Amino acid sequence: AAHPPAAAMKLRDAPSACPSLWRCLPCPPAELRLDLVLSSGQTFRWWESSPGAWTGVLGGRVWTLRQERDRLWYTVYGDEDDDDRDGRPAEAAKPDGAETDRVLRDYFQLDVGLPALYRAWGAADPLFRKVADDFPGEATPWPHGGRPRHPPGVPPHRVPPAGVRVLRQDPVECLLSFICTSNNHISRITAMIERLCRAFGRRLCRLDARPFHAFPSLSALAGLPPPHHRRLPRCPPTHDPTLSSPSAGADAEARLRALGFGYRAKFVSGSARAITEGLGAEGLHQLRTVPYAEARRVLCALPGVGAKVADCVCLMALDKAEAVPVDTHVWRIARQRYGMALGGRSLTARAHQEIGDFFRGLWGPRAGWAQAV
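Worth saying up front: this structure is predicted, and the values here are computed from it rather than measured. (Residues numbered from 1 in each chain as written. Predicted model: local features only at pLDDT ≥ 70, side-chain atom pairs only at ≥ 80, totals over all residues. Heavy atoms only, no water.)

With that settled, consider the overall build of the protein chain. Scanning the protein chain for helices and strands turns up 16 helices and seven strands. Burial statistics for the protein chain: of 373 residues in total, 48% are counted as buried. Of the contacts formed within the protein chain by residues at least 6 apart in sequence, a portion of 66% connects residues at least 24 apart. Accessible surface for the protein chain amounts to roughly 17700 Å². Of this, 56% is attributable to carbon and sulfur atoms. (Helix = DSSP H or I, 4+ residues; strand = E, 2+ residues; numbered from the N terminus. Buried < 20%, exposed > 50% of the residue type's maximum accessible area, 1.4 Å probe, protein only. Contact = heavy atoms within 4.5 Å. Areas by Shrake-Rupley, 256 points an atom, 1.4 Å probe, with all protein chains shown as cover.)

Let us look at the packing of aromatic side chains. Tallied over the full model, the rule gives 14 aromatic pairs. Taken together, a centroid distance of 6.1 Å and an interplanar angle of 40° make the contact between tryptophan 47 and phenylalanine 212 tilted. Of the two residues, tryptophan 47 is situated in strand E2 (residues 46-50) and phenylalanine 212 in strand E7 (residues 210-213); the sequence distance between them amounts to 165 residues. Seen from their ring centres, tyrosine 118 and phenylalanine 128 are 5.7 Å apart, and the 65° between their planes marks the pair as edge-to-face. In this pair, tyrosine 118 is assigned in helix H3 (residues 114-124) and phenylalanine 128 in helix H4 (residues 126-134), connecting sequence segments ten residues apart. (Phe/Tyr/Trp six-rings, centres within 6.5 Å; stacked < 30°, edge-to-face > 60°.)

Moving on to the layout of surface pockets. Taken as a whole, the largest pocket spans an internal volume of roughly 1200 Å³. Taken together, 39 residues make up the lining of the largest pocket; nearest its centre are His329, Val330, Gln371, Ala372 and Val373. Those elements that provide at least two residues to the lining of the largest pocket are H4, helix H6 (186-200), helix H13 (307-317), helix H14 (328-336), helix H15 (349-363) and helix H16 (367-372). Here the lining of the largest pocket gets five residues from one element, more than from any other, and that element is H4. Grouping the constituent residues of the lining of the largest pocket by class yields 24 nonpolar, nine polar and six charged. (1 Å grid on protein atoms, 1.4 Å probe; cavity = no way out; pocket = protein on both sides within 12 Å on 5 of 7 lines; lining within 4 Å. Points joined across faces, edges and corners; volume = space filled by probe spheres on them. Nonpolar A, V, L, I, M, F, W, Y, C, P; charged D, E, K, R; others polar.)

This paragraph deals with the pattern of salt bridges. Throughout the structure, instances matching the rule amount to 17 salt bridges. Ionic pairing is found between aspartate 311 and arginine 296, a salt bridge with its closest N-O pair at 3.0 Å. On the criterion of sequence distance, the pair formed by aspartate 311 in helix H13 and arginine 296 in helix H12 (residues 292-300) is long-range, its members being 15 residues apart. Here the two residues aspartate 311 and arginine 296 agree in accessibility, since each one is buried. A salt bridge links arginine 360 to aspartate 357; the shortest N-O distance between them is 3.0 Å. (Salt bridge = Lys/Arg side-chain N within 4 Å of Asp/Glu carboxyl O.)

Pairing between the strands of a sheet is mediated by backbone hydrogen bonds and can be parallel or antiparallel. Spatially, five strands are ordered E1-E5-E4-E3-E2 in an open sheet, and the strand pairing comes out antiparallel. Strands at the two margins of the open sheet, each flanked by one partner only, are strand E1 (22-26) and E2. With strand direction ignored, the average angle separating the axes of adjacent strands in the sheet is 30°. Pairing between E1 and strand E5 (residues 71-77): five bridges, direction antiparallel. (Pairing = 2+ DSSP bridges. Axes fitted to C-alpha atoms, helices over the stretch in contact; angles between N-to-C directions.)

All of the buried residues in H14 are Val330, Trp331 and Ala334. The buried residues of H14 occupy an angular sector of 105° when the element is viewed end-on, so they sit on one face. At its buried positions, H14 is contacted by H15 and H16. The opening residue of H14 is aspartate 327, an N-cap whose side-chain oxygen sits 3.2 Å from the backbone nitrogen of histidine 329. (Arc of directions from axis to C-beta. Polar contact = N/O pair within 3.5 Å; in protein donor to acceptor, adjacent residues only side chain to side chain.)

Among the five residues of E2, four are classified as buried, and the element is accordingly described as predominantly covered. Here E2 pairs with strand E3 (residues 53-58) via four bridges, running antiparallel. Residue glutamate 48 lies in a different strand from E3, and its bridge partner there is tryptophan 54. Between E2 and E3, which pair antiparallel in sequence order, lie two residues; one of them, glycine 52, sits at a positive phi of approximately 85°.

Attention now moves to unusual backbone geometry. Unusually for a residue other than glycine, arginine 69 sits at a positive phi of about 50°. Despite not being glycine, glutamine 109 shows a phi value in the positive range, around 50°. Inspection of the secondary structure puts glutamine 109 in the loop between helix H2 (97-107) and H3. What makes glutamine 109 buried here is its relative accessible area of 12%.

Direction vectors running N to C along H14 and H15 enclose 60°, while the axes themselves pass 11 Å from each other. H15 is crossed by H14, and the crossing has left-handed handedness. Here Val330, Trp331 and Ala334 of H14 come into contact with H15, specifically with Ala351, Ile355 and Phe359. (Left-handed = near helix turned anticlockwise from the far one by under 90°.)

As structure tokens, this is what we get:
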């Protein structure tokens, strides 16, 4: 018999709430600033659920994160599917601590030491040194009010000029999210991704009255049945219309248009379908092991993926720290502040390559990280 919908869990916004359900990692503000990284437009799944606490979806689970001085605290909520397992409610289902530590360290790439990188970039580039000295170390207004922009527990005048780092995201989620970023802004993209997950993704849990969903599968966005539901080929092989019928993909595209995706609906559904029928999700992950130029070439062959989106995915999901995403803002900076002589009045493919090569030469093998500051 079907179980009734699970009751909403309570949001835990600090370790003092259910301390046994929180863990922490050593992580000083110079290495990570949650307030800057999670609101910077690298990812669109996190929300400041209370001052200093960030709640979102990572790796198919819902998390709340909080920084206090030199500690990164986190709690992971149980899945609705975990409800009633072993007689325990979902709220009390604790995942393996060593595994969640690993997931978080991997996501924030905490094995990469930021202060040494900031020093190297500053030594190579006086303009970078000035930016790093002015921001984010200077206390500036938060986007949602007049609170000082500094980590909890650290006086504003002692905030180190560091803490902005590049996330290591799931390649499928990163790619399909960044297809939605063209001619768009962060708050609207965040709302679009939320609608996408609610319409196509599996519900994970409810915190207070708010539902949280996993990022949709490729097959869901491509309008295809899940892989284990597809008909296995007989011998001799027979044609399976579910694998090639344009109507299924058109249905997914129509649903995305109804959700307000506009022209991006075709690209989200089309890229999901192209990956499903081509290299697959595993093949997309395997691009982490190939050279940057090859990964970029493969991505640019997908519907709706241009040079900037490809570089964002290379940098934030495929371990290509040298990838420098270039938009018109970066193009203007390269011309006006760095004196690059770029032909033409617009950002061409050649200019994109020249700007990336320039900053790679200036900032070194983690040029994409430096640009994120």
